[in-house]
Amino acid sequence: MDQQLLLLIVHVVVTAITLALGLIVFFNNRKSATNIIFFILSTFILIWMVFNYFAIIHVGSSDLPWARGILFSAAFQVYLLYFFVKSFPRDRLEIKPWELTLVLTLFAGTALLATTPYVFSGMTGVAPGEIIANVEQGKLIPLYGLSMVGIIIASLIVMVQKYRHATALERKQWAFILTGFAIFFVSAVVFLFLVTNLLGTTIFVPYAPITIIPMLIGSVFAILKYRLLNVKVIAAELLTVAIWIGLLVEIVLSASLQEVVLKSLVFIVIVLFGLFLIRSVRREVYDKEQLQELTKQLNIANTELQDLNDNLQAKVDEQTKEIRAAYEVEKKARQKLEELDKAKDQFILTTQHNLRTPLTIIKGYVELVLSKKFGNFDAKVGDYINRVGQSTDRMSKLVNELLDVSQLKVGKSIFNFQPVNFRDLVVDVLNDLKSETSRKGLYIELKEDGSWPMVNVDPAKFKTALFNIFDNAMKYTEEGGITITLTYPRPKDVQLCVSDTGIGMSEETKEKLFSRLFERGVEAERISPIGRGIGLALSYNIIKAHQGNLWAESDGVNKGSRFYIELPIA
Amino acid sequence: MEQQQNKRVLIVEDERDVIEIYKIDLEQEGFIVDSSFTGRGALDKIKDFIKSPELQPALIILDLLLPDISGIEVLKKLKGDPKTADIPVLILTNYSSDKIRELVESMKNTEYLLKINISPLELVQVIRKKLSS
């Protein structure tokens with residue numbers, strides 16, 4: 001293969017690769033400053049190669065503009081390289097205005113200088129065995145070189161700085177660019193400088209463009225390869241482009257028109273096929289990336305979930321412990337309370353027993369004496385002993401109620417419910433009170449309109465309740481009497497109203513009426529010094545235990561009272 | 001009035017005064033009154049009844065709070081033995097617990113009375129009624 005043809009192929013291939021890479025990068029992200037700068041850079045590399053090619057093949061004095069063109073476009077390259085490293089890997093070029101002004105000024109000077117005779121003053125023709133013509137160097141060529149080397153050094157400084165502050169991913173990207181640069185520099189120094197100067201041959205100089213390829217590829221990888229998977233895409237793209245170029249060269253080298261047409265058709269088919277291939281690879285890679293991203297996110301989510309789970313378990317454990325502790329405390333407190341309650345009940349039972357025993361004995365002896373089995377005595381003595389007996393009875397009743405109230409209040413009392421005629425209960429209790437009412441000269445009126453119902457009650461306990469209410473009415477009534485009325489407020493309830501003409505009560509008294517701590521009013525104290533306010537509380541509790549209700553009404557002090565007893569019908 | 005001639009009554013009661021006040025009316029009624037101050041003493045007497053049925057009382061008056069063992073235990077022993085189970089028992093106590101009342105009344109031929117609510121004469125009436133039925 002002759003040298004001219006080899007040169008052509010080298011330049012066409014490198015041009016094609018450069019163009020392809022530039023386009024790939026550009027279309028990969030058209031909005032990124034880095035990608036745009038890279039595209040412009042590759043364009044100028046292209047232009048530079050065109051100048052290079054024509055400078056070589058057009059031997060003679062007419063080569064001078066081409067040679068100057070090489071230096072002119074080279075200035076574009078190195079200054080664009082500076083902007084490239086400045087913006088990489090960001091999407092925006094961040095540069096201070098003074099820096100931009102300085103660099104652009106230097107660039108303009110250098111580029112302009114390249115076109116003047118001060119750099120290349122003329123050509124001297126080709127030496128035997130060489131390909132390229134020698135150039136006569138102008139006086140300002142060191143200035144041009146200084147500018148070029150200067151900006152390259154500036155670029156290297158920027159690169160090193162950025163590499164040092166880069167993230168792991170960015171470092172990988174910089175590594176690609178630096179590797180490309182290193183290969184470029186080493187090969188440029190070896191083939192262009194060392195070989196030319198030490199061996200005195202310019203044989204490799206025309207092939208200089210090849211050295212630029214690794215740098216380009218490195219940069220492309222760096223730009224596109226944010227994720228390593230993209231290598232596949234780039235490889236596919238490069239391979240495809242290489243095939244296209246090969247086919248293009250084939251077309252250029254065709255011997256006949258027929259061959260050109262045929263090869264062109266094949267080329268078109270291959271191009272279409274290649275595009276399709278690139279697209280599908282891209283899609284596949286894209287899908288894979290998505291999948292990887294999803295997997296990554298899923299892993300993160302999983303880890304978080306795991307953490308959360310661990311935390312949750314710990315929290316649950318902790319709370320369970322707390323709850324258990326609280327439960328233990330509560331349990332102990334409850335046990336303590338139960339013990340206290342038991343102790344209280346036992347205390348009341350024992351106390352009651354202890355109080356009852358002497359009362360029983362007093363009552364017994366009183367009865368014995370009164371029976372006169374052991375001799376007669378004065379009527380006055382009989383009267384006194386009678387009074388001892390009555391007081392003892394009252395005391396006994398009091399002691400009995402004391403426990404009944406305590407037991408009912410804690411809901412422990414056992415009731416023996418049975419159906420009873422309501423009237424029988426009322427009449428029984430009234431009979432018990434008859435002597436007392438007649439003594440006080442009070443009337444008791446039982447209004448009997450309508451039939452009396454059967455009620456489901458514990459007769460003994462319910463009688464106690466009724467007794468206390470009737471007894472209370474009678475106790476606090478000095479004149480007049482008691483009227484008892486039966487009504488049916490609702491179809492399934494019966495109501496007994498115990499209305500008296502007694503002292504009545506204030507609102508305040510009414511509120512405290514059924515409480516165990518009931519303190520009687522001043523008036524009540526005056527009229528009936530033996531009341532103790534526990535009887536109504538007992539009645540209230542008994543009636544409540546029968547699903548009934550008890551309440552009192554009064555129009556005020558000295559206006560009488562009305563006690564209402566309500567009970568479900570059996 | 002002396003209808004209950006030669007019938008025996010056993011009073012198990014730790015208060016001498018209580019025995020005294022009941023004893024007078026019971027004896028007037030014609031009963032032979034035997035008494036025990038303790039639960040164990042009562043159980044010993046019950047053993048004697050088993051040996052010689054002619055000593056067996058027509059009725060036992062039993063208190064619940066006794067110095068040694070409780071009246072409930074005495075009652076259980078008494079009602080647990082077929083030879084003494086039919087003897088009527090009057091629990092005469094001032095210890096008024098509904099629970100105990102339920103327990104006592106579930107026993108055969110046993111009645112529960114509150115001492116404080118019943119006078120000696122009333123007691124005699126109750127016993128008379130009980131033995132005639």
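Procedures and definitions
Residues numbered from 1 in each chain as written. Chains lettered and ligands numbered in written order. Predicted model: local features only at pLDDT ≥ 70, side-chain atom pairs only at ≥ 80, totals over all residues. Helix = DSSP H or I, 4+ residues; strand = E, 2+ residues; numbered from the N terminus. Buried ≥ 20, exposed ≤ 12 C-beta atoms within 10 Å, placed from the backbone. Contact = placed C-beta atoms within 7 Å. Axes fitted to C-alpha atoms, helices over the stretch in contact; angles between N-to-C directions. Parallel < 35°, antiparallel > 145°, perpendicular 65-115°, else oblique. Left-handed = near helix turned anticlockwise from the far one by under 90°. Core = buried A, V, L, I, M, F, W, Y, C linked by C-beta atoms within 7 Å. Nonpolar A, V, L, I, M, F, W, Y, C, P; charged D, E, K, R; others polar. Pairing = 2+ DSSP bridges. Right-handed = clockwise from strand over helix to strand, strands pointing away. UniProt positions renumbered as here; feature names shortened; annotations may be inferred. Arc of directions from axis to C-beta.

As annotated in an unreviewed UniProt entry, chain B carries the name Response regulatory domain-containing protein.

The name an unreviewed UniProt entry gives chain A is histidine kinase.

Draft legend 1. Geometry of the overall build of chain B. For chain B, the helix and strand inventory stands at 5 helices and 5 strands. In sequence order, the secondary structure elements of chain B are arranged as β-α-β-α-β-α-β-α-β-α. Out of the 133 residues in chain B, the part that is buried amounts to 36%. In chain B, of all internal contacts separated by at least 6 residues, the share reaching a separation of at least 24 is 64%.

Draft legend 2. A look at the environment of Asp86 of chain B. Residues and elements named next belong to chain B. Looking at the secondary structure, you find Asp86 in the loop between α3 (71-80) and β4 (89-93). Accessibility expressed as a C-beta count within 10 Å gives 10 for Asp86, which makes it exposed. Distance from Asp86 to Leu59, taken between C-alpha atoms, is 9.6 Å for residues 27 residues apart in sequence.

Draft legend 3. Quick peek at the packing of helix α4 (residues 97-114) of chain A against helix α5 (residues 141-164) of chain A. Residue and element names in this part refer to chain A. With their axes 10 Å apart at the nearest point, α4 and α5 run at an angle of 140° to one another. As judged from the angle between their axes, α4 and α5 are oblique. The element α4 and its partner α5 pack so that their crossing is left-handed. Contacts between α4 and α5 involve Leu106, Thr110, Leu113 and Ala114 from the former and Leu143, Tyr144, Ser147 and Met148 from the latter.

Draft legend 4. Molecular detail of the nonpolar core. Residue and element names in this part refer to chain A. Grouped together as the largest cluster of nonpolar side chains are 51 residues, with contacts concentrated most on Leu41, Leu71, Ala75, Leu80 and Phe84. Those elements giving two or more residues to this core turn out to be α1 (3-28), α2 (33-57), α3 (63-87), α4, α5, α6 (168-198) and α7 (208-224). The greatest single-element share of this core, amounting to 15 residues, is contributed by α3. With residues near it in sequence (within four places) discarded, Phe84 still touches Thr34, Ile37, Phe38 and Leu41. Leu425, Ala465, Ala473 and Leu567 belong to the second-largest nonpolar core, a separate cluster that totals 32 residues.

Draft legend 5. Main features of the interface of chain B and chain A. Taken together, the contact pairs 17 residues of chain B with 19 residues of chain A. Broken down by secondary-structure element, the contributors of at least two residues to the side of chain B that touches chain A are α1 (16-28), α4 (98-105) and α5 (120-132) of chain B. In terms of residue count, α1 of chain B provides more of the side of chain B that touches chain A than any other element does, 4 residues in total. Looking at the side of chain B that touches chain A, its residues break down into 8 nonpolar, 4 polar and 5 charged.

Draft legend 6. Summary view of the pairing of strand β3 (residues 59-62) of chain B. Residues and elements named next belong to chain B. Across the two faces of β3 the burial is the same, with Leu59 and Ile61 and Ile60 and Leu62 all buried. One ladder, built from 4 bridges, connects strand β1 (residues 8-12) with β3; its direction is parallel. Residue pairing for β3: Ile11 is matched across the bridge by Ile61. For β3 and β4, the ladder comprises 3 bridges, and the chain directions are parallel. Counterpart to Leu62 in the pairing with β4 is Ile91. Between the parallel pair β3 and β4, the chain is carried across by α3, and the sense of this crossover is right-handed.

Draft legend 7. Molecular detail of the sheet that holds strand β2 (residues 32-36) of chain B. All names here are of chain B. Spatially, 5 strands are ordered β2-β1-β3-β4-β5 in an open sheet, and the strand pairing comes out parallel. Across the chains shown, the open sheet's two edge strands, defined by having one partner strand only, are β2 and β5 (110-114). Between one strand and the next, the sheet's axes are offset by a mean angle of 20°, whatever the strand orientation. Against the sheet, α1 touches β1 and β2, its axis set at about 160° to β2. Contacts between α3 and the sheet are confined to β1, β3, β4 and β5, with β4 contributing the most and set at about 180° to the helix.

Draft legend 8. Highlighting the sheet that holds strand β8 (residues 549-554) of chain A. Residues and elements named next belong to chain A. Spatially, β4-β6-β7-β9-β8 is the arrangement adopted by the 5 strands of the open sheet, whose pairing is mixed. Every other strand in the sheet has two partners, leaving β4 (443-447) and β8 as the edge strands with one partner each. Direction aside, neighbouring strands of the sheet carry axes that sit 20° apart on average. Direction of pairing for strand β6 (residues 481-490) relative to strand β7 (residues 493-500): antiparallel, over a ladder of 7 bridges. Bridge pairing in β7 links Ile484 to Val498.

Draft legend 9. Structural view of the environment of Val149 of chain A. Here Val149 of chain A is to be found in helix α5. Taking C-alpha positions, Val149 of chain A is 8.8 Å from Val78 of chain A, a pair spaced 71 residues apart along the chain.

Draft legend 10. The arrangement of the UniProt feature "modified residue: 4-aspartylphosphate" (unreviewed entry) in chain B in detail. All names here are of chain B. Mapped onto the present numbering, the UniProt feature "modified residue: 4-aspartylphosphate" (unreviewed entry) falls on Asp63. As for its placement among the helices and strands, Asp63 is situated in the loop between β3 and α3. Judged by the 27 C-beta atoms lying within 10 Å of it, Asp63 is buried. Setting aside chain neighbours within four positions, we find Asp63 in contact with Val12, Glu13, Asp14, Gly71, Leu92 and Thr93.

Draft legend 11. Inspection of the packing of α1 of chain B against α5 of chain B at higher detail. All names here are of chain B. Interhelical geometry of α1 versus α5 gives an angle of 50° and a closest axis separation of 9 Å. Considering the angle they form, α1 stands oblique to α5. Crossing geometry of α1 relative to α5 is assigned as right-handed. When α1 is examined against α5, the residues Ile21, Tyr22, Asp25 and Leu26 are found in contact with a partner set consisting of Pro120, Leu121, Leu123 and Val124.

Draft legend 12. Local environment of the environment of Gly138 of chain A. Residue and element names in this part refer to chain A. Note on placement: Gly138 falls in the loop between β2 (133-137) and α5. Judged by C-beta crowding, with 17 C-beta atoms within 10 Å, Gly138 ranks as partly exposed. In this structure Gly138 touches Pro117, Tyr118, Val119, Phe120 and Ser121, once residues within four positions along its chain are discounted.

Draft legend 13. The arrangement of unusual backbone geometry in detail. Residue and element names in this part refer to chain A. Notably, Lys372 is not glycine yet its phi reads approximately 60°, a positive angle. For Lys372, the position within the fold is in the loop between α9 (257-370) and α10 (379-409). Lys372 sits in the exposed class, given 10 other C-beta atoms within 10 Å.

Draft legend 14. Quick peek at α3 of chain B. Residues and elements named next belong to chain B. Turning to α3, its buried residues are Gly71, Val74, Leu75 and Leu78. The buried residues of α3 occupy an angular sector of 100° when projected down its axis, which confines them to one face. Buried residues belonging to α3 abut β1, α2 (39-51), β3, β4, α4 and β5.

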